[in-house]
Amino acid sequence: MSETRTHTHTLDTPAAPAPRAGRAAVASAISTSLEWYDFFIYSTAAALVFNTTFFATDSEVVAAVNSFATVAVGFIARPIGGVLAGHFGDKFGRKPVLVAAVVLMAIATSLIGFVPTTEIMWLAPMILVTLRICQGLAVGAQWGGAVLLATENAPANRRGFFGSFAQLGVPIGVVLGNVVFLVITSTVAQDSFLSWGWRIPFWISLVMLPVAFAIHRYLEETPEFKKIAEKLDQAPALRRSPILEVLRKNPGTVLMAAGSNAIGVMFFYTMITGSVQYATTYLGLERSTVLTFILIACLLQIPLVPLFGHLSDRVGRKLIFGVGTVAMMAWGVPMWLLIGASGPGTVWPFAIAVIVGVVAMSFQTGTQGTLFSELFPPEVRFSGASLGYQISAIIGGFSPMIMVLLINGEAGNAWKVGVFLAVAAAIGLLCLIAIVRRYSQPHESAHAA
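If you look the protein up in an unreviewed UniProt entry, it shows as MHS family MFS transporter from Rhodococcus zopfii.

(A) Highlighting the overall build of the protein. A tally of regular secondary structure across the protein gives 19 helices and zero strands. Burial analysis of the protein (449 residues in total) assigns 61% to the buried set. A total accessible area of about 16,400 Å² is found for the protein, and carbon and sulfur atoms account for 70% of it.

(B) Expanded view of the confidence of the model for the protein. With 90% of its residues at a pLDDT of at least 70, the protein reaches an overall mean of 83. Helix α10 (residues 223-234) is the least confidently modelled element of the protein, averaging 71 in pLDDT, while helix α14 (residues 317-340) averages 94, the highest of any element. When the criterion is pLDDT under 50, residues 12-16 qualifies, and its contacts beyond four places in sequence or with other chains add up to 12 contacts. Low pLDDT (under 50) marks residues 441-449, which in the prediction has 17 contacts with non-local residues, meaning those over four places away or in another chain.

(C) Structural context of the packing of aromatic side chains. Under the criterion given, the structure shown has 21 aromatic pairs. Among the aromatic residues, ring-to-ring pairing joins Trp36, Phe39, Phe40, Phe268 and Tyr269 into one connected group. Arg132 extends its terminal NZ or CZ atom over the ring of Phe39, reaching a point 3.9 Å from the ring centre.

(D) Seen up close, the nonpolar core. With 120 residues, the main nonpolar core has Phe50, Phe267, Met335 and Trp336 as its most contacted residues. The dominant element in this core, judged by the number of residues it contributes, is helix α12 (residues 251-282), at 15 residues. Counting residues in hydrophobic clusters, the runner-up holds nine residues, among them Ala154, Phe161, Phe162 and Val305.

(E) Spotlight on the packing of α14 against helix α15 (residues 348-365). The contact between α14 and α15 brings their axes to 7 Å, and the two run at 165°. In this view, α14 runs roughly antiparallel relative to α15, as classed from their interaxial angle. As for how α14 packs across α15, the hand of that crossing is left-handed. Contact residues: Ile320, Phe321, Val323, Gly324, Thr325, Ala327, Met328, Trp331, Met335, Leu338 and Ile339 in α14; Pro349, Phe350, Ile352, Ala353, Val356, Gly357, Ala360, Met361, Phe363 and Gln364 in α15. In the contact of α14 with α15, the residues fall into 17 nonpolar, four polar and no charged.

(F) Structural detail: the pattern of salt bridges. The final tally for this structure, using the stated rule, is seven salt bridges. Arg317 is the partner of Glu374 in a salt bridge, and the nearest nitrogen-oxygen pair spans 3.1 Å. One end of the pair, Glu374, is in helix α16 (residues 368-374); the other, Arg317, is in helix α14, and 57 residues separate them in sequence. A residue is classified by how much of its surface remains accessible, and Glu374, at 3% relative accessible area, is buried. Among the residues examined, Arg317 registers a relative accessible area of 1% and is labelled buried. Several salt bridges share partner residues, and in doing so they unite Asp90, Arg94, Glu152 and Arg381 into one network.

(G) How the structure looks around the environment of Leu34. Turning to its location among the elements, Leu34 is positioned in helix α1 (residues 18-53). On the basis of relative accessibility, which here comes to 14%, the residue Leu34 falls in the buried class. Separated by 172 residues in the primary sequence, Leu34 and Leu206 have C-alpha atoms spaced 9.9 Å apart.

(H) Structural detail: the environment of Trp196. Along the chain, Trp196 turns up in the loop between α7 (190-195) and α8 (200-203). Classification of Trp196 as partly exposed rests on a relative accessible area of 42%. With 80 residues separating them in the primary sequence, Trp196 and Pro116 have C-alpha atoms 9.9 Å apart.

(I) Just the packing of α14 against helix α19 (residues 414-438), in detail. Across the interface, α14 lies against α19 with an axial gap of 7 Å and an inter-helix angle of 170°. Here α14 is positioned roughly antiparallel relative to α19, judged by the angle of their axes. Split by residue class, the contact of α14 with α19 holds 20 nonpolar, six polar and one charged.

(J) Representation of the environment of Val380 within the structure. When you line up the elements, Val380 lands in the loop between α16 and α17 (381-397). Linking Val380 and Val246, residues 134 residues apart in sequence, is a C-alpha distance of 6.1 Å. Each residue touching Val380, except ones within four places of it in the same chain, is listed here: Asp90, Pro242, Glu245, Val246 and Asn250.

(K) Local environment of the side chain of Ser260. Relative to the elements of secondary structure, Ser260 occurs in helix α12. Looking at Ser260, the relative accessible area reads 1%, which means it is buried. Within the structure, the side chain of Ser260 is placed 2.9 Å from the backbone oxygen of Ala257, a separation counted as a polar contact. When residues no more than four places from it in sequence are discounted, the contact partners of Ser260 are Phe321, Gln364, Phe372, Gly428, Cys431, Leu432 and Ile435.

Cut-off values and rules
- All chains use their own residue numbering, which begins from 1 and follows the written sequence.
- With pLDDT at 70 or above as the cut-off, local features in this predicted model cover only qualifying residues; side-chain atom pairs require 80 or more to be listed or tallied, and sums for whole chains, interfaces and linings still use all residues.
- As a rule here, side-chain values come from all non-hydrogen atoms in the structure, and water together with hydrogens is ignored.
- Numbering goes from the N terminus for both helices and strands, where a helix is a DSSP run of H or I of at least four residues and a strand is a run of E of at least two.
- Under the scheme applied here, a residue whose accessible area is under 20% of the maximum for its type counts as buried, over 50% as exposed, and between as partly exposed, the area being computed with a 1.4 Å probe on protein chains only.
- Each accessible area is a Shrake-Rupley estimate made with a 1.4 Å probe; only the visible protein chains count as cover when residues are assessed.
- For every residue, the predictor reports its confidence as pLDDT, a number between 0 and 100.
- Contacts between residues were defined by any pair of non-hydrogen atoms, one from each residue, lying within 4.5 Å.
- For Phe, Tyr and Trp, rings pair up if their centres lie within 6.5 Å, where Trp contributes its six-membered ring, and each pair is then called stacked (planes under 30 degrees apart), edge-to-face (over 60) or tilted (otherwise).
- Placement of a charge over a ring requires the Lys NZ or Arg CZ to be within 6 Å of the ring centre, with the centre-to-atom vector within 35 degrees of the ring normal.
- Put simply, buried Ala, Val, Leu, Ile, Met, Phe, Trp, Tyr and Cys residues joined by side-chain atoms within 4.5 Å make one nonpolar core.
- Every angle, taken between N-to-C directions, lies between 0 and 180 degrees, and every axis is a line fitted to C-alpha atoms, over only the stretch in contact when it is a helix.
- Small angles under 35 degrees read as roughly parallel and large ones over 145 as roughly antiparallel, with 65 to 115 read as roughly perpendicular and the rest as oblique.
- Two helices cross in a left-handed way if the nearer one is turned anticlockwise from the farther one by less than a right angle. They cross in a right-handed way if the turn is clockwise.
- We call Asp, Glu, Lys and Arg charged. Ala, Val, Leu, Ile, Met, Phe, Trp, Tyr, Cys and Pro are nonpolar, and the rest, Gly among them, are polar.
- Any Lys or Arg side-chain nitrogen found within 4 Å of a carboxyl oxygen on Asp or Glu counts as a salt bridge.
- We call two N or O atoms a polar contact when they sit within 3.5 Å, provided that within protein one can donate a hydrogen and the other can accept it, with sequence-adjacent residues counted only if both atoms are side-chain atoms.

This is the structure in structure tokens:
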């Protein structure tokens, strides 16, 4: 079905007061950091623990595939969470949806820490999968709420910078998760870690409940949604289903957004999660060494995300996003060749691979929230942006499992993962080119604003 627009929808509400914009950006960063911490610690536990505690078999490959399959389940649930959140977020507000998502994530993640190791073979995996689905629903719901709270409350000429704060949750969440696992693995014996130590990071997630209360109590709804709510109050007949509207009027935009963003998700999870399993299982690297370098790389990403968000206010979202796509396409094969060349006595190739990889990825991470927001009109913005982003998450969520299958127990097959990423980046670049051609109006720069 044909699209109805020929240019991007700049967020055209009056410039928000700086204190309100700052509060919204900080709340967005804190909530997404804790959400992603919860979502990522499951992936780390799947790489380090679940393959031996809940999915142990005679084959390391089968155990790893089964463990990572439960990781992928969370990604499958994310678009469902995005659809539900988009419906309610476009109808009833950005803030209540974000609060509900934070509460759901806190409860589901803390319960994972209580899953028993049982002799009933199917029981623990079934409980894990159920709670992982709840995690996926929560993270699928929170992304749109956090991004729109930050961008729709921001001054018109600084949407990219303030919108990038929602994306800070990705590196901060990884840093928090890795720090917790590093502390526990360095202070708890291996047997104790496998029996109860791994549960501690999941119990920590209960701190999210006070954050949810603070967002509910102290943050205002965005000015843009208030305008939509006034229109809907004056004309109740306009209260159609936002998700059906976006699929009816903007299906191509949703698919192109998903296709352009998928490489970032694949790149991230093969590097942050997949490389942990590969390096510790096949290369003989110490778990603490691998997690330390990933921690350093993600610490480097924290200042890069707002920097590239700021640059997108100056030169345009699509340009910065496209630079990131090309950088990941160029670095995919060299990155995995370097990872494959690592070993107990040669750790520096692994360090270079992940640090340069994080820089390449940050171009997209810093701009994707604001870019996706501007592709959809306000009345369906939550639904459209969330659906595009979460569909890409489904694609990317299977990448660690694909990595395991490509390597297939042979350390020398690392280059195949790099080729896989390069091809995915090329497809993403084609989708971005289609977005640029369809939405030909240049981004409203700070100078123009």
